[in-house]
Amino acid sequence: MPESRVPRRRRFLVCEPRHFAVQYAINPWMHPDKPVDVDLARGQWAELIRAYRDHGHTVDTVEPVADLPDMVFAANSALVLEGRVFGSLFHAPERRPESTVYESWFRSAGYDVYRAGSVCEGEGDLIPAGRWVLAGTGFRTTREAHHEVQEFFGVPVIGLRLVDPYFYHLDTALFVLDEGYEANIAYYPEAFSPGSRKVLARLYPDAVLATRQDAMAFGLNSVSDGRHVFIAPRAKELADQLARQGYVPVPVDLSEFHKAGGGIKCCTQEIRS
Ligand code: ARG
């Protein structure tokens, strides 16, 4: 274990939850009949942004659009690597219009945007982790999109099959702890097919494994800067494990967003230059 883990400053894109709501159900967390407290959600979200800025990260915002209640989940908008943007094509018709809104933001920020030809939900299912991009499939992003991503970035893509509908996006079951050739990850093994579990065990023998309880508390929907891990406070055991490994857990409660099936990472798109 390194004496002291070193953070790297990140650039994040986020979307204020002004129009956040649960109006339809496209994952098992969503119950349109149960109310969402939008004021509480806005307060929780503001805490996340404050925590990022307090830790030296740059946060850009995209203007929210009425009637796109899931737009707050910025991570689904694209995968950005080496300043190149692979834009999303959403699975649910309700979310499809988000692509053009995010695309305009990227264009105005000076990026070209590649449009996915097959369903692909950005960093929800595509996670750069060391030498590879880990790519989820089974509920949203397709195998065809994995091939497209590999072709576009020229980075090997490792396809992983998700099997539990509560963990419908890869970023609900796995996150990256640090960077570089030997990057490590944390994940919940039971969210994956037996073969995919073996792949993860081979690639990341020292990974931190989370319990179902911590995964259901959105503990794996975390953001790490290499030192600080912005993590759901209810994922207590996982936070303790990370602390024992020299990471510094920074608890941020996004409980209102769990009602839509999202957490910290879902609200955070990383722009890698
Ligand atoms: N309600 C949204 C959906 O089901 C939540 C997206 C969460 N985002 C994520 N990166 N996991 O599409």
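Note that the structure is a prediction, hence the values are computed from the model and not measured.

Reading guide: rules and limits
- Each residue is numbered by its place in its chain's sequence as written, counting from 1.
- Whole-chain, interface and lining totals are the exception, using all residues; otherwise, since this is a predicted model, local features are given only for residues with pLDDT of at least 70 and side-chain atom pairs are given and counted only at 80 or more.
- Heavy atoms throughout the structure, all of them, feed into the side-chain values; hydrogens and water do not.
- The numbering of helices and of strands both runs from the N terminus, where a helix is a DSSP run of H or I of at least 4 residues and a strand a run of E of at least 2.
- Throughout, the radius of gyration refers to the C-alpha atoms, and the reference size of a globule is 2.2 Å times the residue count to the power 0.38.
- Whether two residues are in contact is decided by their heavy atoms: any pair within 4.5 Å suffices.
- To measure how exposed things are, a 1.4 Å probe is used in the Shrake-Rupley method; for residues, cover is taken only from the protein chains shown.
- Any residue with a heavy atom positioned within 4 Å of a molecule or strand is treated as near that molecule or strand.
- Whenever two N or O atoms come within 3.5 Å, that pair is a polar contact, provided that in protein one can donate a hydrogen and the other can accept it, and provided that, for residues adjacent in sequence, both atoms are side-chain atoms.
- Buriedness of a pocket was judged along seven lines, with at least five required to meet protein on both sides within 12 Å; pockets are open sets of points on a 1 Å grid over the protein atoms alone, cavities are sets where a 1.4 Å probe fits but cannot get out, and lining residues have an atom within 4 Å of a point.
- Here the criterion for a molecule occupying a pocket or cavity is that more than half of its atoms lie within 2 Å of the pocket grid points.
- For this classification, the nonpolar set comprises Ala, Val, Leu, Ile, Met, Phe, Trp, Tyr, Cys and Pro, the charged set comprises Asp, Glu, Lys and Arg, and every other residue, Gly included, is treated as polar.
- Paired strands, in this sense, are two strands between which DSSP finds at least two bridges.
- By convention, a crossover is right-handed whenever its connection, traced from the first strand over the helix to the second and viewed with the strands pointing away, goes clockwise.
- Categorising residues by exposure relies on relative accessible area from a 1.4 Å probe, with only protein chains included: less than 20% of the type maximum marks a residue as buried, more than 50% marks it as exposed, and the intermediate range marks it as partly exposed.
- In this text, buried Ala, Val, Leu, Ile, Met, Phe, Trp, Tyr and Cys residues form a nonpolar core when linked through side-chain atoms within 4.5 Å.
- Interaxial angles span 0 to 180 degrees and are taken between N-to-C directions of axes, which are lines fitted to C-alpha atoms, for helices over the stretch in contact.
- Grid points are joined across faces, edges and corners, and a volume is the space filled by probe spheres set on the points.

## A few points about the overall build of the chain
Thought 1: A tally of regular secondary structure across the chain gives seven helices and 15 strands.
Thought 2: The globule rule puts the C-alpha radius of gyration for 273 residues at 19 Å, and the 17 Å found for the chain is close to it.
Thought 3: Expressed along its principal axes, the backbone C-alpha trace of the chain runs to roughly 45 × 40 × 35 Å.
Thought 4: Long-range contacts, defined as pairs at least 24 residues apart, comprise 70% of the intrachain contacts of the chain with a sequence gap of at least 6.
Thought 5: In the structure as shown, the chain presents an accessible area of about 11400 Å², 50% of it carried by carbon and sulfur atoms.

## Focus on the site of the ligand
Thought 1: As a matter of local geometry, the ligand sits amid 16 residues, with Asn27, Arg95, His169, Asp171 and Cys266 nearest to it.
Thought 2: For the ligand, an oxygen atom lies 2.7 Å from a polar atom in the side chain of Asn27.
Thought 3: Between the ligand and Asp171, the relevant distance is 2.6 Å, taken from a nitrogen atom to a side-chain nitrogen or oxygen of the residue.
Thought 4: In isolation the ligand has 340 Å² of accessible area, and contact with the protein removes 100% of it.
Thought 5: Under a 2 Å grid-point criterion requiring more than half of the atoms, the pocket assigned to the ligand is the largest cavity.
Thought 6: Its residues placed into classes, the shell around the ligand shows six nonpolar, six polar and four charged.

## Quick look at the pairing of strand S2 (residues 58–62)
Thought 1: Both strand S1 (residues 11–15) and S2 contribute to a ladder of five bridges, which runs parallel. Note on S2: the bridge partner recorded for Arg11 is Thr58.
Thought 2: Taking the sense of rotation as the criterion, the β-α-β connection linking S1, helix H1 (residues 38–54) and S2 turns out right-handed.

## Regarding unusual backbone geometry
Thought 1: One non-glycine residue with positive phi stands out, namely Glu82, at about 50°.
Thought 2: Mapped onto the secondary structure, Glu82 falls in the loop between strand S3 (78–81) and strand S4 (84–87).
Thought 3: Judged by its relative accessible area of 63%, Glu82 falls in the exposed class.
Thought 4: A positive phi angle is found at Phe218, which is not glycine, with a value near 65°.
Thought 5: Position of Phe218 relative to the elements: it lies in the loop between helix H5 (212–216) and strand S12 (223–224).
Thought 6: Look at Phe218 and you get buried, because its relative accessible area is 3%.

## Re the nonpolar core
Thought 1: If you look at the biggest cluster of nonpolar residues, it comprises 34 residues, and the most contacted ones within it are Leu134, Leu174, Ile185, Phe192, Leu200, Leu238 and Leu242.
Thought 2: Contributing elements (two or more residues each) for this core: strand S6 (126–129), strand S7 (132–137), strand S8 (157–161), strand S9 (174–176), strand S10 (185–187), strand S13 (228–231) and helix H6 (236–244).
Thought 3: If we skip the residues at most four places from it in the chain, Leu200 touches Leu134, Leu160, Leu174, Ile185, Tyr187 and Phe192.
Thought 4: Residues Val59, Val72, Ala260 and Ile264 belong to the second largest nonpolar core, which totals 25 residues.

## Notes on the sheet that holds S6
Thought 1: Taken in spatial order, the three strands of this open sheet run S6-S7-S8, and their pairing is mixed. Two strands bound the open sheet, and with one partner strand each, they are S6 and S8. Each strand axis lies, on average, 25° off the axis of its neighbour in the sheet, ignoring direction.
Thought 2: With five bridges connecting them, S7 and S8 associate as parallel partners. For Val133, the partnering residue across the bridge sits in S8 and is Val157.
Thought 3: Across the face of the sheet, helix H4 (residues 194–203) comes into contact with S7 and S8 while running at roughly 135° to S8.

## Structural notes on empty space enclosed by the protein
Thought 1: Taken as a whole, this structure holds two cavities of 30 Å³ or more when the rule is applied.
Thought 2: Lining the largest cavity are 14 residues; nearest its centre among them are Phe73, Asn76, Arg95, Tyr168 and Ala260.
Thought 3: Taken together, the residues that form the lining of the largest cavity break down as six nonpolar, five polar and three charged.
Thought 4: The calculated volume of the second largest cavity comes to roughly 30 Å³.
Thought 5: Around the second largest cavity, the lining residues are Cys15, Glu16, Pro17, Arg18, His19, Phe20, Pro64, Val65, Leu68, Pro69, Met71 and Val72.
Thought 6: Split by residue class, the lining of the second largest cavity holds nine nonpolar, one polar and two charged.

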